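So you can see what is in the structure, the chains are spelled out below.
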Amino acid sequence: MQNAQPAALAAKDLLAHAMAPVYRVINGLLVVTVFMVVGLWLSGNGTNAGAFDLARILVPDEARHIVWSNGFGMLDQYKSANEAAAVAPDTEIAAVIYSKSKPNNAGLASAKQQTVALLMPSVAQVQVKSISHLADRIPTSKIDPQALDSNLMGSIQNQRAVADFFEKKYGLDRSKIEEYVSNTILIAKEVNIDPVLLLAVISVESNFNPNTKSQAGAEGLMQVMTSVHREKYALYGGTHQAVKPEVNIRVGAYILKYLIATAGSLRNGLKFYVGAANAEDDGGYADKVMAERNRLIGLCQTRSINRLTLNGKDLRS
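### Notes on helix H5 (residues 156-170)
1) Next: With 15 residues, H5 ought to run about 21 Å at 1.5 Å a step, and its terminal C-alpha atoms sit 21 Å apart, in line with that.
2) Next: Those residues of H5 that fall on the buried side of the exposure criterion are Ile156, Gln157, Asn158, Gln159, Ala161, Val162, Ala163 and Phe166.
3) Next: Within two residues after H5, Gly171 carries a phi angle of roughly 60°, on the positive side.

This is the structure we're talking about:
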């Protein structure tokens, strides 16, 4: 028995030595798997592919959003501040610190802040309750990527170009169109939706006339059905506030985001928004909005391409 024990120990040591490479391979595969799952979790591309589903099951979407917002919030602020500094000669333009506020801590700004450069920064000083507490309940992963902000409107030059476009198209008062464009950009940040999309919807729905009212009862810039969404207007004091641009755009932007998430795509969301959810087609509404959106995108991209820099000075082709 005494001779057998050393032999058994020697056999165990030999087996452990032989299995060491196998253990290293297994551990390596586990590490790679963990990194892949974390990578998929962070990327959250909004599809329903199996691997992404696994990542979302292991850790909820809201946790990923916290990682992104906290981890890269300072980077976003630094980038936006640089963009605002680049337009210093425009003394009427200021960088606005935009804070999301929650209904349970009214009057107190939340920790999340974004620097937003606006053509008319005074719109950010208007005291209007945020609708982000509703919009934030809609996971970003459920939103069609086309409906998310591409940051084209983060440029003051692009904002001015869009204002020029709508001023000429509809013969609008310059101060009013700058107010509407600035409000839309600010609210798009609040709701987390593409401001170019919102501007296209406003253009198609109301031609930027806040007093427009349809026979069906849709009102304001976003043509929201006041009677249907009465409870949302209660947040702002009642339906008599429905035509106010800062209120109407907020309610309309939230409704549009909700419908895009519910319908599964941007086009279907637009179909739902115009009230054609149960119809075979929407009468060309989605095509009109997408065409206007593409015009605005093309306008902004053309300005970016034509802008050249030589010895620190801007040259335009």
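### Let's talk about the packing of aromatic side chains
1) Next: Scanning the model with the defined rule gives 6 aromatic pairs in all.
2) Next: Taking 5.2 Å as the distance between ring centres and 65° as the angle between the ring planes, the aromatic pair formed by Phe165 and Phe166 counts as edge-to-face.
3) Next: Here the aromatic residues Phe165, Phe166, Tyr170, Tyr180 and Phe208 are joined through ring pairs into a cluster of three or more.

### Regarding the confidence of the model for the protein
1) Next: Considering every residue of the protein, the mean pLDDT works out to 79; 69% of them sit at 70 or more.
2) Next: Here residues 308-317 is a poorly scored stretch, pLDDT under 50, and it has 13 contacts once near neighbours within four places are set aside; other chains count.

### A word on the pattern of salt bridges
1) Next: Going through the model one piece at a time under the given rule, you end up with 11 salt bridges.
2) Next: A salt bridge links Lys176 to Glu179; its shortest N-O distance comes to 3.5 Å. Of the two residues, Lys176 and Glu179 are both situated in helix H6 (residues 174-191); the distance of 3 residues between them amounts to about one turn of the helix.
3) Next: You can call Lys176 partly exposed: its relative accessible area is 40%.
4) Next: Its relative accessible area of 18% is what places Glu179 among the buried residues.

Rules used in this analysis
Residues numbered from 1 in each chain as written. Predicted model: local features only at pLDDT ≥ 70, side-chain atom pairs only at ≥ 80, totals over all residues. Heavy atoms only, no water. Helix = DSSP H or I, 4+ residues; strand = E, 2+ residues; numbered from the N terminus. Expected span 1.5 Å × (residues − 1). Buried < 20%, exposed > 50% of the residue type's maximum accessible area, 1.4 Å probe, protein only. Phe/Tyr/Trp six-rings, centres within 6.5 Å; stacked < 30°, edge-to-face > 60°. pLDDT = per-residue confidence, 0-100. Contact = heavy atoms within 4.5 Å. Salt bridge = Lys/Arg side-chain N within 4 Å of Asp/Glu carboxyl O.

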